[in-house]
Amino acid sequence: MEPVYRTLELVAATAVRATGSRIGFHGLENIPATGGAVVAINHTGYVDWLPAGLAARRRGRRLRFMIKAEMQDVRLVGFLIKRTGTIPVDRRAGAGAYAVAVRQLREGELVAVYPEATISRSFELKGFKTGAARMALEAQVPIVPMIIWGVHRLWTKDHPKALGRKKIPIEVCVGAPIAPQGDATAMEAAMRESMTALLDRVQTEYPHPEGAYWVPRRLGGTAPTHEEAARLDEAELAERARRRAERDARSRR
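Description of the structure in this document. (Residues numbered from 1 in each chain as written. Predicted model: local features only at pLDDT ≥ 70, side-chain atom pairs only at ≥ 80, totals over all residues. Heavy atoms only, no water.)

A closer look at the overall build of the protein
Summing up its helical and strand segments, the protein has seven helices and seven strands in all. Seen in sequence order, the protein has helices and strands lined up from the N terminus as α-β-β-α-β-α-β-α-β-α-β-β-α-α. The principal-axis extent of the C-alpha atoms belonging to the protein is close to 55 × 40 × 40 Å. When burial is assessed residue by residue, the protein has 47% of its 253 residues classed as buried. Expressed as a percentage of contacts within the protein between residues at least 6 apart in sequence, the contacts between residues at least 24 apart total 74%. Accessible surface, the protein: about 13000 Å² in total, of which carbon and sulfur atoms supply 55%. The distance from the centre of the 40 positive side-chain charges to the centre of the 28 negative ones in the protein is 7 Å. (Helix = DSSP H or I, 4+ residues; strand = E, 2+ residues; numbered from the N terminus. Buried < 20%, exposed > 50% of the residue type's maximum accessible area, 1.4 Å probe, protein only. Contact = heavy atoms within 4.5 Å. Areas by Shrake-Rupley, 256 points an atom, 1.4 Å probe, with all protein chains shown as cover. Lys, Arg positive; Asp, Glu negative; His and termini not counted. Charge placed at Lys NZ, Arg CZ, Asp CG, Glu CD.)

Take a look at the structure:
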């Protein structure tokens, strides 16, 4: 039953109703009714896990998300991580989390992965990490591509939250499972091809007003280009490193 996870599902559904958002679900039959799978999700905002989880719920399944380990330091989040099968990932030593994910996949769980690792400021697909493909091959389970679109309008990097009753439409599109075969390079290429096609379709069908910050540049919006987004990411990482060095210096005094 997992009471904590069930409570989260109810809270998520209530939050969606409270904001007046409409979530369109497409291709849910591609989420396996039983058995393990890596669910590969694009990453455009801080709450794209919510519609992804609700999509799995509609298939009677639950996602086991991989999440950066430092989130355990937030008391409430740490509590939830321990009680929902969430897998904390230490980016400096991810072997432990990888092993846990493979074990859960073999046990029949759906493990949710963001192949881009961090939020895409351009709202297009960034470069992928190899973990999703390697896990699928080692556990011999399929990769299920999932695209979330519209939720970045609620809360993403560099822009204020819009969590009130905004009635922002959200789309969830699930692609056909990709069988675990070949090598990691081939699987990653197949995953990217599928996710790119799904994202292009969803973006094209979704209303995209010219000049909107949440619309990709190629569709007439003002979101950063890939190159501009990369520079912003580098600056963010440099600032984090500076603050970490300052904290370490203070702790040594």
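A few points about the packing of helix H5 (residues 131–139) against helix H6 (residues 184–205)
The interhelical angle for the contact between H5 and H6, taken along N-to-C directions, is 120 degrees, at an axis separation of 8 Å. The handedness of the crossing between H5 and H6 comes out as right-handed. Between H5, through Ala132, Ala133, Arg134, Ala136 and Leu137, and H6, the contact on the second element is made entirely by Ala184, Met187, Glu188 and Met191. (Axes fitted to C-alpha atoms, helices over the stretch in contact; angles between N-to-C directions. Left-handed = near helix turned anticlockwise from the far one by under 90°.)

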